Amino acid sequence: MVGVSRAVVATAVASALSTAIAVYYALHHATSKAAKAELKDLGKKERDGRVRLQIALGSAQDKIKALEAALQSHGVSPQEILDLTTTNAKPKRGAKKDVVVPLLTVQTIGAIASPYSTRNGTPRQPSLVTTSVAKLQLHKHIPPSALLSLAEFSHVWVVFHFHQNTNVHKPTAQVKATIKPPRLNGAAVGVLATRSPHRPAPIGLSLAKVIAVNADEGYVLFQGLDLVHGTPVVDIKPYVAFSDTPSDAFAPAWVGKEHADGDEPLAITHVSFDDGAADVIASAFQACKATRSKLCAIDLFPTLESFVAFVQENLRLDMRSTRERVDPKFDDYRVTLCDIVISYRMTQPGPGVAIMGADVVTDATAQPRNE
């Protein structure tokens, strides 16, 4: 019996061991299979993520190449792009060579359609030319309803970018500390004590009268705005008289509205037409309406009479630079308004202005200048 019992026990033990081994291998196989499935799933996710990253990286590289090409077309090298956060200002003794300048990326809300085709001829201050009309068209990402209730205000502040500054695409350009305003006839003042467009940060601020607001189509019409055609607008803010007109405000004697004083150095006493000049302007106006209405702001003037009044009011402001006023080689001048080049000369006594003729711009990239 003892032998039988031992045999039974041995058999039972062997059977239990076999069962345990079978269970172990079954569990091990199941665990390995789940682990392999999990690893396979993770591998697929990793590959998918890597592919998406490669696609995004390729797209980013394409955009960088396009941006570099665009900047280089403006004379900016890749190294200058890398130097966007530094200035070349000469450091003081013991100071670091490069000064880190924080950069700010700002969205724009729209662009201005203006009768001023070039910087030359654009008024130096807003509200000086009351016959000037400009249109702000909101970008598509700005809902037109953002203009609701704006018509309840008579004036707005327009915050904009001086996009046509000659140094706007040269990030390493030196900051010009002083300028010579035309009214000072050569005397210099600090740039931050002026409204010069050539500023360390090319941001401008102009006050404009609101003529009309269209909250369905997303545009505003302004009167008296002093901006070049195509100017990017960063923001507009309603003018609030009680806070925007301080009772104790003052300014230097040389600052003042055009024609404010009898000794105003930029005053023009009268504007006349040479023989045949009025007819030439009429022909240029019609030609511009027919060929360039989508390229300039000529449609802001519905009639020839309104455009001629605008031209005359502009020429009552002496828009010549200090150099042009003192250099004897300049005897006739040009200004481009709504892509119509107006030729004029100075007359005496006065000084006065005589309009000589007009022509329509045929190449928007080659605007005539006073040379």
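Residues numbered from 1 in each chain as written. Predicted model: local features only at pLDDT ≥ 70, side-chain atom pairs only at ≥ 80, totals over all residues. Heavy atoms only, no water.

For the protein, the name recorded in an unreviewed UniProt entry is TsaA-like domain-containing protein, with Saprolegnia diclina as its organism. Its UniProt record gives the protein the following Sequence similarities (unreviewed entry) comment, quoted word for word: "Belongs to the tRNA methyltransferase O family." (UniProt positions renumbered as here; feature names shortened; annotations may be inferred.)

A. Here's a closer look at the pairing of strand β9 (residues 219-223). One ladder, built from five bridges, connects strand β4 (residues 133-138) with β9; its direction is antiparallel. In the strand pairing of β9, Ala134 is matched with Phe222. Two elements, strand β8 (residues 203-214) and β9, share five bridges in a ladder whose sense is antiparallel. Its bridge partner lying in β9, Lys209 is registered against Gln223. Hairpin geometry of β8 and β9 is characterised by an intervening segment of four residues between the two adjacent antiparallel strands and by a positive phi of about 75° at Gly218. (Pairing = 2+ DSSP bridges. Helix = DSSP H or I, 4+ residues; strand = E, 2+ residues; numbered from the N terminus.)

B. Local environment of the sheet that holds β8. Spatial strand order, β3-β4-β9-β8-β5-β10: six strands in a closed barrel with antiparallel pairing. Within this sheet the neighbouring strands show an average axis-to-axis angle of 45°, counted without direction. (Axes fitted to C-alpha atoms, helices over the stretch in contact; angles between N-to-C directions.)

C. Region of the structure containing the side chain of Thr347. Looking at the element boundaries, Thr347 is found in strand β13 (residues 340-347). The contacts of Thr347, once residues within four sequence positions are left out, are His270, Gly352, Val353 and Ala354. (Contact = heavy atoms within 4.5 Å.)

D. Highlighting the environment of Asp299. Among the structural elements, Asp299 can be located in the loop between α4 (277-291) and α5 (304-315). Separated by 184 residues in sequence, Asp299 and Pro115 place their C-alpha atoms 9.3 Å apart. Asp299 has contacts with Lys289 and Ser293, leaving out every residue within four places of it along the chain.

E. Region of interest: the packing of α4 against α5. α5 packs onto α4 with a crossing angle of 115° between their chain directions and a minimal axis gap of 11 Å. Read as a crossing pair, α4 and α5 show a hand that is right-handed. Touching Ile281, Ala282 and Phe285 of α4 are Leu304, Phe307 and Val308, all from α5. By residue class, the composition of the contact of α4 with α5 is six nonpolar, no polar and no charged. (Left-handed = near helix turned anticlockwise from the far one by under 90°. Nonpolar A, V, L, I, M, F, W, Y, C, P; charged D, E, K, R; others polar.)

F. Highlighting α4. For α4, which comprises 15 residues, the first-to-last C-alpha distance of 21 Å matches the rise-based estimate of 21 Å (1.5 Å per residue) to within 8%. Of all the residues in α4, the buried ones are Ala277, Ile281, Ala284, Phe285 and Cys288. Along the axis of α4, the buried positions cluster into a sector of 105°, meaning they face one direction only. Exposed residues lying more than 90 degrees from the buried face of α4 are Asp279 and Ala290. Buried residues in α4 make contact with β11 (271-273), α5, β13 and β14 (352-360). (Expected span 1.5 Å × (residues − 1). Buried < 20%, exposed > 50% of the residue type's maximum accessible area, 1.4 Å probe, protein only. Arc of directions from axis to C-beta.)

G. Just the sheet that holds strand β12 (residues 332-337), in detail. With mixed pairing, four strands are arranged side by side in an open sheet as β11-β14-β13-β12. Of all the strands in the sheet, the pair left with one neighbour each is β11 and β12. Across the sheet, the mean angle separating the axes of adjacent strands is 35° when strand polarity is ignored. Judged from the six bridges that link them, β12 and β13 form a sheet pairing that is antiparallel. Bridging from a neighbouring strand, Leu337 pairs with Ile340 of β13. Together, β11, β13 and β14 form the strand contacts of α4, whose direction differs from that of β14 by roughly 40°. Docked against the sheet, α5 engages β11, β12, β13 and β14, running at close to 130° with respect to β12.

H. Representation of the pattern of salt bridges within the structure. For the structure shown, the criterion picks out five salt bridges. Across the pair Asp235 and Lys237 runs a salt bridge whose closest N-O atoms are separated by 2.8 Å. Residue Lys237 is classed as partly exposed on the basis of its relative accessible area of 43%. Asp339 is paired through a salt bridge with Arg292; the nearest N and O atoms lie 2.8 Å apart. Note that Asp339 is positioned in the loop between β12 and β13 and Arg292 in the loop between α4 and α5, a separation of 47 residues in sequence. The class for Asp339 is buried, based on a relative accessible area of 5%. (Salt bridge = Lys/Arg side-chain N within 4 Å of Asp/Glu carboxyl O.)

I. Geometry of unusual backbone geometry. Note that the residue after Gln348, namely Pro349, is joined by a cis bond; omega there is 0°. Examined against the element boundaries, Pro349 turns out to sit in the loop between β13 and β14. Unusually for a residue other than glycine, Ser149 sits at a positive phi of about 75°. Considering the arrangement of structural elements, one finds Ser149 in the loop between β4 and β5 (155-161). Since its relative accessible area comes to 44%, Ser149 is described here as partly exposed. Phi is positive for Asp339, which is not a glycine, with a value near 60°.

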